[in-house]
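# Residue-level structural notes
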Amino acid sequence: MNRNRSPLVITAGILVALAAATLYFSSFYIDWLWFKSVDFTSVWTTVLVTKIQLFFLIGLITSFVISLNIFIAYRTRPLYVPASIEVNGLERLRAQIEPIRLLVFAGICLVLIYFAGSSGMAFWRQWLLFRNSTEFGVKDPQFNLDISFFAFKLPIFQALIGWGISTLILAALASAFVHYMYGGIRTAVQTDRTTVAARVQISILLGLIVLLKAVAYWFDRFALALKESTLITGLKFADVNALLPAKAILSAIAVVCSLLFFANIVRRSWLLPAAGTALLVVSSVLIAGLYPAAIQQFQVKPSESSKEAPYIERNIEATRAAYDLDGVEIQDYNATLSTSAGQLAKDAATIANIRLMDPNVISATFRQLQQIKPYYTFPQSLDIDRYTIDGVSRDAVVAVRELNIEGNPSRNWINDHLVYTHGFGYVAAYANTVDADGKPSFAVGDLPPTKGLGEFQPRIYFGENVPDYSIIGGKKTESPVEFDYPDDSSANGQKNYTYTGTGGVAVGSTINKLLFAIKYQEQRILLSNLINADSKILYNRSPRERVAKVAPWLTLDGDPYPSIVDGKVMWIIDGYTTSAGYPYAQTTSLSTATADALTANSTSITAQTNTKVNYIRNSVKATVDAYNGSVTLYEWDEKDPVLKTWMKAFPNTVKAKSTMSKGLLEHVRYPEDMFRVQRDILSSYHVNNAAAFYGGQDFWRVPRDPSTFGANAGAQPPYYMTVQMPGSKTPAYSLTTPFVPRGGRENLSAFAAVNSTAGPDYGKITVLQLPRSTAIAGPSQVASNFEAKPEVANALSLLRQGGSDVVLGNLLTLPVGNGLLYVQPVYVLATANSAAYPLLQKVLVSFGDVIGFDSSLKGALDQVFGGNSGTSSSTANPTTNNSSADLASALQSAKQAIADGQAALAKGDFSAYGRAQDRLKSAIAAALAAQSRK
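Residues numbered from 1 in each chain as written. Predicted model: local features only at pLDDT ≥ 70, side-chain atom pairs only at ≥ 80, totals over all residues. Heavy atoms only, no water.

Within the chain, the regular secondary structure consists of 29 helices and 31 strands. Taken along the three principal axes of its C-alpha coordinates, the chain extends 120 × 85 × 50 Å. Out of the 934 residues belonging to the chain, those deemed buried represent 53%. Here the chain displays about 40800 Å² of accessible surface, and carbon together with sulfur accounts for 57% of that area. Taking the average location of the 80 positive side-chain charges in the chain and that of its 71 negative ones, the two points are 8 Å from each other. (Helix = DSSP H or I, 4+ residues; strand = E, 2+ residues; numbered from the N terminus. Buried < 20%, exposed > 50% of the residue type's maximum accessible area, 1.4 Å probe, protein only. Areas by Shrake-Rupley, 256 points an atom, 1.4 Å probe, with all protein chains shown as cover. Lys, Arg positive; Asp, Glu negative; His and termini not counted. Charge placed at Lys NZ, Arg CZ, Asp CG, Glu CD.)

Laid out in structure tokens, this is it:
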């Protein structure tokens, strides 16, 4: 029976092994097919070949070293071992192993190759950086070495040293065990506990371990330039004057200690090696531990600010260079608190582009007005872009109408993967314009899409909300399978379509059908007659996922955004090159630095991983064609040495910046996550004086988002808007953020904007630093003032009644009128109706201590600036203002000025009373002017 069973067991085992191999290698083939479809097979090949090389190199060397020592220990075993209780127990163990000794030895070799090789594969990025390293052209101040040594070479050196020590320790342990098992090491006897062969082999291995430790101590000196502390990153006074020489001394002691182990080859005593080891341990504690601590405690701490000043300066200089902040322009901005008529006349360009449409509020509005069918959807957070319309650059809130399989009432495999294959259309609403009901004014929308932004391919096969896979294309027939969009003019109420693009992987062959059927565990891929020889399968369809696969060396921004570029819907993704090896530069966590209220609350924005970096560049602009899925990488930062290194490792994968089309350049923007990291660093490193930095009194922080409440309120996200900074000749599309004092009140400390328009000023960060002696309200205080003003509070209470709720939009900060203007849109949402959506009903405005609240932006501005802000109706809000509204606004401003003047008199505040009288005069003048226009 056993003889008959053996062939069955062997056959079953072979079949299981073949099935496992098929599953394992089919994933490689399917992955290769995907890379071939996007023309990036060189990336797949480079990564795979590098991993294979490291697997066998590390695996074979590790296995060879350990196995060789096991073999030597076995071959030099004593032929005769005196009998003892200990020996009898080992004899039984030897008796069990001896019949399968070669099999055990072979198994150990294979296991070592597998585990060591697998560990080595994880270092493929560090290995490619090492092999292709590019110099920074900047040397560190301590060792006078190019930054590339720390960024590209030191990590692999330390990894190799650690691997060498680990391998030798395992070899020593394995050798000692074999010697012990075969009697070369005997613990039960009083003398001659080791044979000559055991002593020699163990001494050599221990000597090599200690010698490598000496090398490790030497390279630890360089790693001190990257050491983190509570004060700065990098070497400090105690490190330079105590720890750095201590590491060199320990390295020398370790070399001497290793020689003592080697000397034990000819001696028969472990006394000297043991003494050397004890000396090394004691020296490590005293020289590298207690001595630097004593220097820190008794020499540095009594005058720490002066002692650490040179090293703080190194840290400031390196950090600003590593985060691309050395070109930041800081201006003193003596912001005024007073208001007067016509004060905003010179800021018409900024006022004209004030964004009233909050992309994080009106997603529900987009869904109700533009979703059209339940099988379409829009993301939770929309995007901001800008388009030139009728010769004028207009900011717009944009999104693509993506497919929502869960909204399809007829769910089955054919509908999910063969019929409903793509979204349809691009929707853009003017950022500063609403209709009379408070609804967005759409530049392009509907199905099929309107032509407000020109002709473009509207089909979205690659997006952020697409099925896991779709099977498309095939032979063109009179009855296409794919649903295109609903169409009342068609007999069946819909248009169908057959994909004609270049995207996807051919799935018509039997072998490909079989492999994809296995991958997705779906037999219908193999059996369906709707899949023919010309069919293609789309997978890995998310724009961010596609870029991550073709550029695994990039860190990607969490928010890809769609734009109409040259007649196509293109996803634009910003890519970062990062490093943790810039000496003296402050280390930050990407997840912490990029976290704010938006990233915490939005499910459509990908949060960054908890990766530690101290160097970052927005080095790559990537695009993904929403119809074809083609991925293109463009070199954006042409000076970045990290990018140049990766371009050497993956040649011909990144295109030159000069190949970017004019249409694409019009839609690139400064990335949000990059700016989040920079503003986090800038909050401390705007201080460039060592003494002031040590004191920390002038540090800033990003204010809490006024739209969130409680102790865990997130930081206010940065906002895109077109703004003309003081001193600038033209407005620029910018990413902006305010700052408030760290650890203090919520008063405004500074306002920063980074130019996001492609051109010579792209990436230029301008900071307006406010006087420390002037208390200008920050965003949280302004939000509180809004709610505290009786007229506003009463109006908001009325809006919240009757089954409605008030949704406050983003609170924007703008440097206009020689001061700071705050603007916040107010939306009303009917809570009793599940199909309700936010509609803009009011606008809140604040400048100094004056608040405006009106149904239009111009009306609110005029209330603040004495009935006439200096902006025209068409500038402030072209769709909702007229002479009657201007008159009503002016009268309301006059009424408010009278009330504010009486309140100021009651308090004895004659300065405030004077400002109120000035506003009253301006309001009366504006009322008379409006009356004359009627």
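Moving on, there is more to tell.
A few words now on a negative patch on the surface. Together, Glu313, Glu317, Asp324 and Asp326 give the surface a local cluster of negative charge. Within the secondary structure, Glu313 is located in helix H11 (residues 309-322). (Patch = residues over 30% accessible without salt bridge, like charges linked within 9 Å, V, L, I, M, F, W, Y side chains within 5 Å. Salt bridge = Lys/Arg side-chain N within 4 Å of Asp/Glu carboxyl O.)

Sheet architecture is open: three strands sit in the order E10-E14-E13, paired in antiparallel fashion. Edge strands, defined here as strands with exactly one partner in the open sheet, are strand E10 (469-473) and strand E13 (505-506). Across five bridges, E10 lies against strand E14 (residues 535-539) in antiparallel orientation. If you follow Tyr469 over to E14, its bridge partner there is Tyr539. (Pairing = 2+ DSSP bridges.)

Of note, the bond from Leu447 into Pro448 is cis; its omega dihedral lies within 30 degrees of zero at -15 degrees. By secondary structure assignment, the location of Pro448 is in the loop between strand E8 (440-444) and strand E9 (459-460). Of note in the backbone geometry, Gln521 takes a positive phi value of approximately 50 degrees without being a glycine. Here Gln521 shows up in the loop between helix H15 (510-519) and helix H16 (524-527). Overall, Gln521 belongs to the exposed group, its relative accessible area being 72%.

Grouped together as the largest cluster of nonpolar side chains are 211 residues, with contacts concentrated most on Tyr426, Phe516, Tyr539, Leu633 and Leu821. Looking at this core, the element that brings in the most residues is helix H6 (residues 147-181), giving 14 residues. Those residues within four positions of Leu821 in sequence are excluded, and the remaining contacts are Ile351, Ile354, Leu812, Thr813, Leu814, Val816, Val845, Ser846, Phe847, Leu861 and Phe865. Listed in part, the ten residues of the second largest apolar core include Tyr375, Ile405, Leu447 and Tyr485. (Core = buried A, V, L, I, M, F, W, Y, C linked by side-chain atoms within 4.5 Å. Contact = heavy atoms within 4.5 Å.)

Looking now at the pairing of strand E25 (residues 750-755). With six of its six residues buried, E25 lies for the most part within the structure. Burial of the side chains of E25 extends over both faces: Ala750, Ala752 and Val754 are buried on one face and Phe751, Ala753 and Asn755 on the other. Looking at chain direction, strand E24 (residues 732-741) and E25 are connected through six bridges and run antiparallel. Paired with Thr737 across the strands is Ala752, a residue of E25. Of the pairings in the sheet, the one linking E25 to strand E26 (residues 765-769) comprises five bridges and is antiparallel in character. Counted as the bridge partner of Phe751 is Leu768 from E26.

A separate point is the packing of helix H5 (residues 124-131) against helix H20 (residues 641-649). For the pair H5 and H20, interaxial distance at closest approach is 9 Å and the crossing angle is 100 degrees. Taken together, the axis directions place H5 and H20 in an arrangement best described as roughly perpendicular. Counted together, Arg125, Leu128 and Leu129 of H5 and Thr645, Trp646 and Ala649 of H20 form the full contact between these two elements. Here the contact of H5 with H20 is composed, by residue class, of four nonpolar, one polar and one charged. (Axes fitted to C-alpha atoms, helices over the stretch in contact; angles between N-to-C directions. Parallel < 35°, antiparallel > 145°, perpendicular 65-115°, else oblique. Nonpolar A, V, L, I, M, F, W, Y, C, P; charged D, E, K, R; others polar.)

Turning next to a nonpolar patch on the surface. Side chains of Ile204, Leu208, Leu211, Val255 and Leu259 sit close together on the surface and give an oily, nonpolar patch of about 350 Å² of accessible area. Elements represented by at least two residues in the nonpolar patch include exactly helix H7 (196-223) and helix H8 (237-263). Sorting elements by how many residues they give to the nonpolar patch places H7 first, with three residues. Relative to the elements of secondary structure, Leu211 occurs in helix H7. Judged by relative accessible area, Leu211 falls into the partly exposed class, the value being 32%.

Two elements in contact, helix H2 (residues 41-75) and H6, have axes whose closest approach is 8 Å; the angle formed by their N-to-C orientations is 25 degrees. Comparing the axis directions of H2 and H6 gives the class roughly parallel. For the pair H2 and H6, the sense of crossing is right-handed. Contact residues: Ile58, Ile61, Thr62, Val65, Ile66, Asn69, Ile70, Ala73 and Tyr74 in H2; Trp163, Thr167, Leu168, Leu170, Ala171, Ala174, Ser175, Val178 and His179 in H6. Split by residue class, the contact of H2 with H6 holds 13 nonpolar, five polar and no charged. (Left-handed = near helix turned anticlockwise from the far one by under 90°.)

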